[in-house]
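Tertiary structure, described
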Amino acid sequence: MKLAHGTTLIVNGQLIDGTGAPPVRHAAVIVKNGRIVHAGPSSMAPTLSDARMIDARGGTIMPGLVEAHFHPTYFNVAALEDLDIKYPVEYVTLLASANAKLALECGYTAARSGGSLFNIDVWLKKGIEEDLIPGPRLATSGREICGVGGLMDWNPEFRKIGMEGLVLLINGPDEARAAVRKLVKDGVEWVKTYPTGDAAAPDTNDHHTLCMTFEEMHAVVATAHNHGMKVTGHCRATEGIKNALKAGYDTLEHGTFMDDEALELLLKRNVPVVPALFFEQASIDRGPEFGLSQKVIDGHQETLEGGAESARRILKAGGRIGLGGDYGFAWNPHGDYAKELTFFVNYVGFTPLETIKCATQTGAQIMGRDTEFGTLAAGKLADILVVEGDVLKDISILENRSKFIAVMQGGIVKAGKMAK
Ligand SMILES: [Zn+2]
């Protein structure tokens, strides 16, 4: 991805650096050739001649957001079946490209894929990195892995079709290894697995069931780590969380029903968790409109309460939370990503500063790229949001794209008012 040429000075705003530190009032950020050279009080900034100026209009200067559980290929999903081969790969690729552009316009300068149809996110990343299309800096997942008969294996036998699009179905550790080896050749960075079920499948794979064995999960981790890939998993049931932590998972998606032992295992290895909670609220609020059964809605309610409690306990104990969350469902569409942040402040009870740290620095740590971006400090890439208003007073400002003055990647203004 290209970097800006020349010098840019951003002034007249408070600086939130993404580390959780209190804001710096009257701040200045100086960007030189796409990298930050100063982020701090404007009184301590070197004097510049010949700099391009961005006026934050008394608002906020902060790191670009990181969506830590991004499904670029999900579109208008109203049932599990919609996740797979609803559209041909050609059309899904176009949808993914449009979703990537939208995410950047929403202030998300980086994203980790939480699973993708076919191998689309790998090529999406290439298109973004080569400046062919706009989008967040991506970490790729490609296809996901699930045990036969598990949450993502919904086609009954009579249909005589598998899950070639979204998921590699496995039976036993040998097939788990074989699936990871397929992904090695595809070039994915994260192996996304399904250790547990979900409220979405209440009859055979609900949120307290397991979809993979410990042996299968361990085989995935050993093979993936051998090839320098990381492993994550959809973990709701307590036993599935423990299996993932014992098997050496690098992050947990959801981490819903954590007991004391699970929390201790998590903290021991400092494994980040991406709860993705607004999806649960949206499923409860809008489920009836989309024909979700009461059983499914009740399951989402239980998941929401369990997940929120686990997130609070993790943060309080010094663990790491990344923010992101399954946007792309009919009732939780792409473009709503920042609702996750508002929800964590208003419902879960994180402070705005904690929430922003989760959505910036921790996201970058999850991607393994926190030395490059995720905080505003000298030497980092200038992936910066300049926003009208005080986001610490009203975090929901970040949901409103019309409040963005500039969304910058590598010092180049890609979206916001100044891009027009
Ligand atoms: Zn997901």
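Our subject is the structure listed above.
Heads up: these notes are all about the structure in this document. The model shown is predicted, which means the values in this text are computed figures rather than measured ones. (Residues numbered from 1 in each chain as written. Predicted model: local features only at pLDDT ≥ 70, side-chain atom pairs only at ≥ 80, totals over all residues. Heavy atoms only, no water.)

1. Considering the layout of surface pockets
A probe as big as a water molecule, rolled over the atoms, marks out the empty space that is left. Quantified by volume, the largest pocket comes out at close to 360 Å³. Along the lines of polarity and charge, the residues of the lining of the largest pocket split into 14 nonpolar, 7 polar and 4 charged. (1 Å grid on protein atoms, 1.4 Å probe; cavity = no way out; pocket = protein on both sides within 12 Å on 5 of 7 lines; lining within 4 Å. Points joined across faces, edges and corners; volume = space filled by probe spheres on them. Nonpolar A, V, L, I, M, F, W, Y, C, P; charged D, E, K, R; others polar.)

2. Digging into the nonpolar core
Judged by nonpolar contacts, the single largest core of 101 residues is most densely connected at Ile 145, Met 152, Val 191, Leu 252, Leu 266, Ile 321 and Leu 398. Judged by nonpolar contacts, the second largest core, of 16 residues, contains Ala 27, Val 29, Ile 36 and Leu 376. (Core = buried A, V, L, I, M, F, W, Y, C linked by side-chain atoms within 4.5 Å. Buried < 20%, exposed > 50% of the residue type's maximum accessible area, 1.4 Å probe, protein only.)

3. Examining the coordination of the zinc ion
Six octahedral donors around a metal ideally subtend angles of 90 or 180 degrees, whereas four tetrahedral donors ideally subtend 109.5 degrees. Protein coordination of the zinc ion is provided by His 69 (NE2), His 71 (NE2) and Asp 326 (OD), with donor distances spanning 2.0 to 2.1 Å. In primary-sequence terms, the residues that donate to the zinc ion follow H-x1-H-x254-D. Taken as a pair, His 69 in strand 5 (residues 65–70) and Asp 326 in the loop between helix 8 (294–316) and helix 9 (339–348) lie far apart in primary sequence, 257 residues in all. The residues His 69 and Asp 326 share a single accessibility class, namely buried. (Donors = N, O, S within 2.8 Å, 3.2 Å for Na, K, Ca; no water. Helix = DSSP H or I, 4+ residues; strand = E, 2+ residues; numbered from the N terminus.)

4. Observations concerning helix 3 (residues 172–186)
Along its 15 residues, helix 3 runs 22 Å from first to last C-alpha, staying within 8% of the 21 Å computed at 1.5 Å per residue. Buried within helix 3 we find Gly 172, Ala 176, Ala 179, Val 180 and Leu 183. Along the axis of helix 3, the buried positions cluster into a sector of 115 degrees, meaning they face one direction only. Turned more than 90 degrees from where helix 3 packs its buried face, Asp 174 and Lys 185 sit exposed. (Expected span 1.5 Å × (residues − 1). Arc of directions from axis to C-beta.)

5. A short note on the sheet that holds strand 5
Ordered by their spatial adjacency, 3 strands build an open sheet running 5-6-7, and the pairing between neighbours is parallel. Each edge of the sheet is formed by a strand with only one pairing partner; in this case those strands are strand 5 and strand 7 (137–139). For this sheet, the mean inter-axis angle between neighbouring strands, taken without regard to orientation, is 20 degrees. Relative to strand 6 (residues 108–113), strand 5 is paired through 4 bridges, and the arrangement is parallel. When the bridges of strand 6 are listed, Glu 67 appears paired with Ala 111. Helix 10 (residues 352–366) rests against strand 5 and strand 6 of the sheet, and its axis sits at about 55 degrees to strand 5. (Pairing = 2+ DSSP bridges. Axes fitted to C-alpha atoms, helices over the stretch in contact; angles between N-to-C directions. Contact = heavy atoms within 4.5 Å.)

6. What about the packing of helix 3 against helix 4 (residues 214–226)?
With their axes 8 Å apart at the nearest point, helix 3 and helix 4 run at an angle of 35 degrees to one another. Where helix 3 crosses over helix 4, the handedness of that crossing is right-handed. Of helix 4, the residues touching helix 3 (which contributes Gly 172, Pro 173, Ala 176, Arg 177, Val 180 and Arg 181) are Glu 215, Glu 216, Ala 219, Val 220, Thr 223 and Ala 224. Taken together, the residues of the contact of helix 3 with helix 4 break down into 6 nonpolar, 2 polar and 4 charged. (Left-handed = near helix turned anticlockwise from the far one by under 90°.)

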